[in-house]
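Observations on the three-dimensional arrangement
In case you want the letters, here they are:
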Amino acid sequence: LGKVGKAIPGLKVETDDDAQRQALAEQHANIRRQRAANTVQMHAPASTPPNMEDLESLHQLHQMREKHLMVDGNSSDIPPSVKDFTFQSSTIIFPESRNVHSKLFGGFVMVESQSLAQYCATFFAKDKP
């Protein structure tokens, strides 16, 4: 195997079924190309690294927050950090929560997901019903 690829000869279309399958394959290939072009990957403009101006404004925000915390120790007048909205949860999985293949039951995952969703809703809604 070399580093230079060789083209594979095209499929010979002999029947109507072959033609339909080839048309379907081309349609799916076009869908994959469109998805690849529109997906947010490293080549997308949204994921470019910050420029020097952005870094400078982030640095100034950080310095402002540190100065406020050092002066009066009160952070009520500055925006909250990500740490203020972070929630961590650990769960011990006992054998009765597993199936015969030692995989976790889907129902257990759903209960944990619902519990986390309830926590998030309560946290962000505060006193709202």
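Numbering of residues begins from 1 in every chain and follows the order in which that chain's sequence is written. Side-chain atom pairs in this predicted model are given and counted only at pLDDT of 80 or more, local residue features only at pLDDT of at least 70, and totals for whole chains, interfaces and linings cover all residues. Side-chain numbers come from the whole structure's heavy atoms, not from hydrogens or water.

This part is about the overall build of the protein chain. Helix and strand counts for the protein chain come out as three helices and zero strands. Listing the helices and strands of the protein chain from first to last along the sequence gives α-α-α. Considering the protein chain as a whole, with its 129 residues, one finds that 3% of them fall into the buried category. Whether two residues touch is decided by their heavy atoms; if any such pair falls within 4.5 Å, the residues are in contact. In the protein chain, once contacts between residues fewer than 6 apart in sequence are set aside, the share between residues at least 24 apart is 16%. For the protein chain, the accessible area works out to roughly 12300 Å², and carbon and sulfur atoms hold 59% of it. Secondary structure elements follow DSSP: runs of H or I of four or more residues count as helices, runs of E of two or more count as strands, with numbering from the N terminus. Classification of residues uses two cut-offs on accessible area relative to the type maximum, computed with a 1.4 Å probe and protein chains only: under 20% is buried, over 50% is exposed, and between them is partly exposed. Per-residue and other accessible areas were derived by the Shrake-Rupley procedure at a 1.4 Å probe size, with only the shown protein chains allowed to occlude residues.

Our focus in this paragraph is a nonpolar patch on the surface. Residues enter patches when their relative accessible area tops 30% and they take part in no salt bridge; the joining distance is 9 Å for like charges and 5 Å for the nonpolar side chains Val, Leu, Ile, Met, Phe, Trp and Tyr. Salt bridge criterion: a side-chain nitrogen from Lys or Arg within 4 Å of a carboxyl oxygen from Asp or Glu. Together, M52, L55, L58, L61 and M64 give the surface a local cluster of nonpolar side chains, amounting to about 510 Å² of exposed area. With respect to the secondary-structure elements, M64 resides in helix 2 (residues 52–72).

When two rings of Phe, Tyr or Trp (its six-membered ring) have centres within 6.5 Å they constitute a pair, described as stacked for plane angles under 30 degrees, edge-to-face for angles over 60, and tilted for the intermediate range. Tallied over the entire structure, the rule returns one aromatic pair. Ring geometry for Y119 versus F123: centroids 6.1 Å apart, planes at 20°, classification stacked. Of the two residues, Y119 and F123 both sit in helix 3 (residues 106–125), four residues apart, roughly one turn of that helix.

With that settled, consider the confidence of the model for the protein chain. For every residue, the predictor states its confidence as a pLDDT score lying anywhere from 0 to 100. Of all residues in the protein chain, 83% have pLDDT values of 70 or greater, and the mean over the chain is 79. Put simply, helix 2 is where the protein chain has its lowest mean pLDDT, 82, and helix 1 (residues 16–38) is where it has its highest, 89.

Moving on to helix 3. Expected helix span is taken as 1.5 Å per residue step, with the number of steps being one fewer than the number of residues. Compared with the 28 Å implied by 1.5 Å per residue over 20 residues, the 28 Å span of helix 3 between its first and last C-alpha is a close match. Positive phi shows up at K126, right after helix 3, with a value of about 55°.

Once that is clear, we can look at the pattern of salt bridges. The full count for this structure, using the stated rule, is one salt bridge. Residue R21 is joined to D17 by a salt bridge in which the shortest nitrogen-to-oxygen separation is 3.2 Å. In this pair, R21 and D17 both sit in helix 1, four residues apart, roughly one turn of the helix.

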